[in-house]
Amino acid sequence: LVKKSHANHRTVVQLSEQVAIGGSTVIVIGGPCTVESAEQMEQVASQLATAPIHALRGGVYKPRTSPYAFQGMGVEGLRILAEARSRYGMPVVTEVMSIAQMAPVAAYADMLQIGSRNMQNFELLKALGQAGKPVLLKRGLSATIEEFVMAAEYIMAHGNPHVVLCERGIRSFDTYTRNVLDLGAVIALRQLTHLPVIVDPSHAAGKRELVADLARAAVACGADGLIVECHPEPDQSVSDARQALSLEAMVALVHSLEPIARAV
Ligand code: PEP
Ligand code: MN
(Lines give C-alpha, C1' and ligand atoms only; values in the text may rest on other atoms or scores of the structure.)
(Ligands and ions follow the chains in the order given, each with its own letter.)
Protein backbone atom coordinates (compact mmCIF):
# COMPACT_ATOMS: atom_id res chain seq x y z
CA LEU A 1 0.00 0.00 0.00
CA VAL A 2 2.85 2.35 0.84
CA LYS A 3 5.08 1.62 -2.11
CA LYS A 4 4.54 3.31 -5.44
CA SER A 5 2.50 1.33 -7.91
CA HIS A 6 2.87 3.74 -10.82
CA ALA A 7 5.47 6.37 -11.42
CA ASN A 8 3.88 9.73 -10.73
CA HIS A 9 1.11 9.10 -8.25
CA ARG A 10 1.54 11.08 -5.01
CA THR A 11 -0.78 11.05 -2.03
CA VAL A 12 -1.96 14.37 -0.64
CA VAL A 13 -2.87 14.41 3.06
CA GLN A 14 -5.45 17.00 4.04
CA LEU A 15 -5.09 18.60 7.51
CA SER A 16 -7.88 21.12 7.06
CA GLU A 17 -9.82 22.64 4.18
CA GLN A 18 -6.91 24.96 3.39
CA VAL A 19 -3.86 22.92 4.41
CA ALA A 20 -2.68 19.78 2.62
CA ILE A 21 0.70 18.03 2.75
CA GLY A 22 2.05 16.57 -0.47
CA GLY A 23 0.73 19.16 -2.92
CA SER A 24 2.68 21.93 -4.60
CA THR A 25 3.15 23.99 -1.41
CA VAL A 26 5.92 23.18 1.08
CA ILE A 27 4.01 22.95 4.37
CA VAL A 28 5.62 24.32 7.51
CA ILE A 29 4.50 23.16 10.94
CA GLY A 30 5.88 25.24 13.80
CA GLY A 31 5.56 25.45 17.56
CA PRO A 32 7.13 24.51 20.84
CA CYS A 33 8.36 21.08 21.83
CA THR A 34 5.90 21.14 24.72
CA VAL A 35 2.69 23.08 25.31
CA GLU A 36 3.46 24.98 28.52
CA SER A 37 0.60 27.48 28.95
CA ALA A 38 -2.22 29.25 27.12
CA GLU A 39 -0.11 32.44 27.03
CA GLN A 40 2.80 30.62 25.41
CA MET A 41 0.62 29.14 22.64
CA GLU A 42 -1.10 32.49 22.09
CA GLN A 43 2.28 34.15 21.53
CA VAL A 44 3.42 31.36 19.22
CA ALA A 45 0.22 31.18 17.16
CA SER A 46 -0.21 34.95 16.81
CA GLN A 47 3.34 35.38 15.45
CA LEU A 48 3.41 32.29 13.24
CA ALA A 49 0.00 33.02 11.72
CA THR A 50 1.42 36.19 10.13
CA ALA A 51 4.10 34.21 8.27
CA PRO A 52 3.32 31.49 5.78
CA ILE A 53 3.36 28.89 8.56
CA HIS A 54 0.55 26.48 7.96
CA ALA A 55 0.09 24.41 11.11
CA LEU A 56 0.95 24.36 14.81
CA ARG A 57 2.77 21.71 16.79
CA GLY A 58 3.09 21.23 20.56
CA GLY A 59 3.39 18.15 22.71
CA VAL A 60 0.94 17.52 25.55
CA TYR A 61 1.96 13.89 26.14
CA LYS A 62 5.75 13.91 26.15
CA PRO A 63 8.07 10.93 25.77
CA ARG A 64 10.73 12.15 28.20
CA THR A 65 13.96 10.27 28.80
CA SER A 66 13.63 10.74 32.56
CA PRO A 67 10.42 9.75 34.40
CA TYR A 68 11.03 12.77 36.67
CA ALA A 69 10.99 15.27 33.79
CA PHE A 70 7.75 17.15 32.96
CA GLN A 71 5.44 14.69 31.19
CA GLY A 72 3.14 17.20 29.49
CA MET A 73 -0.12 19.04 30.24
CA GLY A 74 -2.42 16.29 28.98
CA VAL A 75 -6.03 17.21 28.21
CA GLU A 76 -5.57 20.79 29.40
CA GLY A 77 -2.85 21.14 26.76
CA LEU A 78 -5.20 19.73 24.12
CA ARG A 79 -7.72 22.45 24.99
CA ILE A 80 -5.01 25.10 24.63
CA LEU A 81 -4.08 23.76 21.18
CA ALA A 82 -7.72 23.68 20.09
CA GLU A 83 -8.14 27.27 21.28
CA ALA A 84 -5.14 28.42 19.24
CA ARG A 85 -6.52 26.59 16.22
CA SER A 86 -9.93 28.20 16.43
CA ARG A 87 -8.45 31.66 16.96
CA TYR A 88 -5.91 31.53 14.11
CA GLY A 89 -7.39 28.92 11.79
CA MET A 90 -4.25 26.77 11.86
CA PRO A 91 -4.55 22.99 12.12
CA VAL A 92 -2.70 21.39 15.05
CA VAL A 93 -0.43 18.36 15.31
CA THR A 94 0.36 16.64 18.60
CA GLU A 95 1.87 13.36 19.76
CA VAL A 96 -0.02 10.26 20.83
CA MET A 97 1.96 7.73 22.88
CA SER A 98 -0.66 5.10 23.62
CA ILE A 99 -3.92 3.64 22.35
CA ALA A 100 -5.68 5.18 25.37
CA GLN A 101 -4.58 8.68 24.34
CA MET A 102 -5.77 8.24 20.76
CA ALA A 103 -9.46 9.13 21.16
CA PRO A 104 -8.97 12.24 23.33
CA VAL A 105 -6.22 13.55 21.05
CA ALA A 106 -8.26 12.82 17.91
CA ALA A 107 -11.14 14.79 19.42
CA TYR A 108 -8.98 17.96 19.56
CA ALA A 109 -6.13 17.65 17.04
CA ASP A 110 -6.09 17.61 13.24
CA MET A 111 -3.16 15.20 12.95
CA LEU A 112 -1.76 12.57 15.31
CA GLN A 113 2.01 12.42 15.66
CA ILE A 114 3.66 9.09 16.35
CA GLY A 115 7.05 9.76 17.87
CA SER A 116 10.30 8.02 17.02
CA ARG A 117 10.12 5.92 20.15
CA ASN A 118 6.81 4.43 19.05
CA MET A 119 7.52 3.89 15.36
CA GLN A 120 7.43 0.13 15.86
CA ASN A 121 4.72 0.01 18.52
CA PHE A 122 2.72 -2.29 16.30
CA GLU A 123 -0.44 -2.40 18.43
CA LEU A 124 -0.54 1.41 18.40
CA LEU A 125 0.05 1.44 14.62
CA LYS A 126 -2.83 -1.00 14.11
CA ALA A 127 -5.12 1.14 16.27
CA LEU A 128 -4.21 4.23 14.23
CA GLY A 129 -5.84 2.52 11.27
CA GLN A 130 -9.15 3.47 12.87
CA ALA A 131 -8.12 6.86 14.34
CA GLY A 132 -10.12 8.87 11.82
CA LYS A 133 -7.34 11.48 11.63
CA PRO A 134 -4.17 11.76 9.51
CA VAL A 135 -0.98 10.41 11.06
CA LEU A 136 2.49 12.00 11.15
CA LEU A 137 4.82 9.02 11.51
CA LYS A 138 8.34 9.87 12.68
CA ARG A 139 11.26 7.63 11.79
CA GLY A 140 12.53 5.48 14.65
CA LEU A 141 15.80 6.42 16.35
CA SER A 142 17.66 3.65 14.51
CA ALA A 143 15.09 2.44 12.00
CA THR A 144 16.07 1.42 8.51
CA ILE A 145 14.13 2.84 5.59
CA GLU A 146 12.46 -0.54 5.08
CA GLU A 147 11.35 -0.67 8.75
CA PHE A 148 10.03 2.89 8.47
CA VAL A 149 8.06 2.09 5.34
CA MET A 150 6.64 -1.07 6.91
CA ALA A 151 5.50 0.89 9.98
CA ALA A 152 3.50 3.13 7.63
CA GLU A 153 2.21 -0.02 5.95
CA TYR A 154 0.73 -1.16 9.31
CA ILE A 155 -1.34 2.02 9.60
CA MET A 156 -2.54 1.80 6.02
CA ALA A 157 -3.22 -1.94 6.16
CA HIS A 158 -5.49 -1.28 9.15
CA GLY A 159 -7.57 1.27 7.30
CA ASN A 160 -5.95 4.72 7.41
CA PRO A 161 -4.40 5.89 4.12
CA HIS A 162 -3.62 9.40 5.42
CA VAL A 163 0.00 8.97 6.49
CA VAL A 164 2.88 11.48 6.30
CA LEU A 165 6.44 10.25 6.83
CA CYS A 166 8.88 12.37 8.87
CA GLU A 167 12.65 12.05 8.77
CA ARG A 168 14.00 13.42 12.07
CA GLY A 169 17.58 12.19 12.19
CA ILE A 170 19.00 8.83 13.15
CA ARG A 171 21.48 7.77 15.81
CA SER A 172 25.11 7.51 14.83
CA PHE A 173 28.53 7.46 16.47
CA ASP A 174 28.91 11.23 16.43
CA THR A 175 26.97 13.11 19.10
CA TYR A 176 28.02 16.59 17.97
CA THR A 177 24.64 16.84 16.30
CA ARG A 178 21.91 15.19 18.35
CA ASN A 179 21.17 12.88 15.44
CA VAL A 180 22.27 12.64 11.81
CA LEU A 181 19.72 14.08 9.39
CA ASP A 182 19.36 11.49 6.64
CA LEU A 183 18.55 13.58 3.58
CA GLY A 184 19.26 10.57 1.38
CA ALA A 185 16.29 8.93 3.07
CA VAL A 186 14.07 11.85 2.12
CA ILE A 187 14.97 11.42 -1.53
CA ALA A 188 14.70 7.62 -1.35
CA LEU A 189 11.32 7.68 0.44
CA ARG A 190 9.89 9.98 -2.22
CA GLN A 191 11.12 7.61 -4.92
CA LEU A 192 9.97 4.49 -3.09
CA THR A 193 6.57 5.60 -1.78
CA HIS A 194 3.71 7.87 -2.81
CA LEU A 195 3.36 9.31 0.70
CA PRO A 196 4.34 12.89 1.58
CA VAL A 197 7.71 13.17 3.31
CA ILE A 198 8.51 15.97 5.74
CA VAL A 199 11.66 16.76 7.71
CA ASP A 200 12.20 17.69 11.35
CA PRO A 201 15.55 19.53 11.42
CA SER A 202 15.13 20.40 15.12
CA HIS A 203 15.43 16.91 16.60
CA ALA A 204 18.04 16.06 13.98
CA ALA A 205 20.28 19.00 14.87
CA GLY A 206 19.68 19.41 18.59
CA LYS A 207 21.29 22.85 18.26
CA ARG A 208 19.38 25.89 17.04
CA GLU A 209 22.27 27.28 14.99
CA LEU A 210 22.08 24.24 12.67
CA VAL A 211 18.32 24.18 12.16
CA ALA A 212 17.76 26.75 9.39
CA ASP A 213 20.42 25.40 7.04
CA LEU A 214 19.19 21.82 7.51
CA ALA A 215 15.64 23.00 6.82
CA ARG A 216 16.71 24.68 3.59
CA ALA A 217 18.67 21.60 2.55
CA ALA A 218 15.59 19.45 3.18
CA VAL A 219 13.46 21.62 0.91
CA ALA A 220 16.18 21.49 -1.76
CA CYS A 221 15.97 17.67 -1.54
CA GLY A 222 12.26 17.75 -2.31
CA ALA A 223 10.75 17.50 1.18
CA ASP A 224 6.99 18.15 1.17
CA GLY A 225 7.22 20.07 4.41
CA LEU A 226 9.01 20.80 7.67
CA ILE A 227 8.21 20.52 11.35
CA VAL A 228 10.32 22.94 13.39
CA GLU A 229 10.45 23.74 17.10
CA CYS A 230 10.26 27.36 18.21
CA HIS A 231 9.43 29.19 21.42
CA PRO A 232 8.76 32.77 22.56
CA GLU A 233 11.72 32.42 24.97
CA PRO A 234 13.81 29.58 23.55
CA ASP A 235 16.17 29.21 26.51
CA GLN A 236 13.22 28.90 28.89
CA SER A 237 11.66 25.95 27.01
CA VAL A 238 10.76 23.13 29.43
CA SER A 239 12.08 20.62 26.88
CA ASP A 240 14.50 20.75 23.94
CA ALA A 241 15.53 24.33 24.75
CA ARG A 242 18.86 24.03 22.98
CA GLN A 243 17.24 23.41 19.59
CA ALA A 244 14.33 25.86 19.85
CA LEU A 245 14.29 28.79 17.43
CA SER A 246 12.99 32.20 18.47
CA LEU A 247 9.69 33.13 16.83
CA GLU A 248 11.53 35.78 14.80
CA ALA A 249 14.07 33.22 13.55
CA MET A 250 11.22 30.88 12.68
CA VAL A 251 9.49 33.51 10.54
CA ALA A 252 12.79 34.45 8.85
CA LEU A 253 13.47 30.80 8.09
CA VAL A 254 10.12 30.37 6.39
CA HIS A 255 10.70 33.39 4.17
CA SER A 256 14.11 32.04 3.15
CA LEU A 257 12.50 28.80 1.91
CA GLU A 258 10.44 30.41 -0.82
CA PRO A 259 13.13 30.72 -3.55
CA ILE A 260 14.37 27.19 -2.81
CA ALA A 261 10.89 25.70 -2.98
CA ARG A 262 10.28 27.50 -6.27
CA ALA A 263 13.49 26.11 -7.76
CA VAL A 264 12.82 22.45 -6.83
C1 PEP B 1 8.86 15.77 19.30
O2 PEP B 1 8.47 16.01 18.14
O3 PEP B 1 8.73 16.58 20.23
C4 PEP B 1 9.56 14.49 19.55
C5 PEP B 1 9.61 13.97 20.77
O6 PEP B 1 10.13 13.98 18.44
P7 PEP B 1 10.85 12.55 18.19
O8 PEP B 1 9.80 11.52 18.45
O9 PEP B 1 11.26 12.66 16.76
O10 PEP B 1 12.01 12.47 19.14
MN1 MN C 1 11.10 18.13 21.06
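Model, not experiment: these values are computed from the prediction. (Residues numbered from 1 in each chain as written. Chains lettered and ligands numbered in written order. Predicted model: local features only at pLDDT ≥ 70, side-chain atom pairs only at ≥ 80, totals over all residues.)

Caption draft 1: Representation of the site of ligand 1 within the structure. Around ligand 1 sit Cys-33, Gly-59, Pro-63, Gly-115, Ser-116, Arg-117, Lys-138, Arg-168, Asp-200 and His-203, and those are all the residues in its vicinity. In terms of residue class, the shell around ligand 1 is made up of two nonpolar, four polar and four charged. (Near = placed C-beta within 6 Å. Nonpolar A, V, L, I, M, F, W, Y, C, P; charged D, E, K, R; others polar.)

Caption draft 2: Layout of the UniProt feature "domain: DAHP synthetase I/KDSA" (unreviewed entry) in the protein. According to UniProt, the "domain: DAHP synthetase I/KDSA" (unreviewed entry) feature falls on residues 12-253. The annotated region residues 12-253 carries 37% helix and 15% strand content, and the separation between its end C-alpha atoms amounts to 24 Å. (UniProt positions renumbered as here; feature names shortened; annotations may be inferred. Helix = DSSP H or I, 4+ residues; strand = E, 2+ residues; numbered from the N terminus.)

Caption draft 3: Here's a closer look at the environment of Ala-106. Within the secondary structure layout, Ala-106 lies in helix α3 (residues 99-108). Sequence separation between Ala-106 and Lys-133 is 27 residues; the distance between their C-alpha atoms is 6.5 Å. If sequence neighbours within four positions are ignored, Ala-106 has contacts with Leu-112, Ala-131, Gly-132 and Lys-133. (Contact = placed C-beta atoms within 7 Å.)

Caption draft 4: Layout of the pairing of strand β10 (residues 225-229). Burial of β10 is extensive: five of the five residues sit out of reach of the surface. Of the two faces of β10, the one holding Gly-225, Ile-227 and Glu-229 and the one holding Leu-226 and Val-228 are both buried throughout. Inspection of the sheet shows strand β3 (residues 27-31) paired to β10 by five bridges, in the parallel sense. Bridging across to β10, Ile-29 finds its partner in Ile-227. (Buried ≥ 20, exposed ≤ 12 C-beta atoms within 10 Å, placed from the backbone. Pairing = 2+ DSSP bridges.)

Caption draft 5: Representation of the nonpolar core in the model. Within the largest apolar cluster, 82 residues are counted, with the highest numbers of intra-cluster contacts made by Leu-137, Ala-152, Val-164 and Leu-226. The contacts of Leu-226, once residues within four sequence positions are left out, are Val-28, Ile-29, Ile-198, Val-199, Pro-201, Ala-215 and Ala-218. (Core = buried A, V, L, I, M, F, W, Y, C linked by C-beta atoms within 7 Å.)

Caption draft 6: Structural detail: the packing of helix α1 (residues 38-48) against helix α9 (residues 247-263). The interhelical angle for the contact between α1 and α9, taken along N-to-C directions, is 25 degrees, at an axis separation of 10 Å. Between α1 and α9, the angle is such that the two are roughly parallel. As α1 runs across α9, the sense of the crossing is right-handed. Along the contact surface, α1 presents Val-44, Gln-47 and Leu-48, while α9 presents Leu-247, Met-250 and Val-251. When its residues are assigned to classes, the contact of α1 with α9 shows five nonpolar, one polar and no charged. (Axes fitted to C-alpha atoms, helices over the stretch in contact; angles between N-to-C directions. Parallel < 35°, antiparallel > 145°, perpendicular 65-115°, else oblique. Left-handed = near helix turned anticlockwise from the far one by under 90°.)

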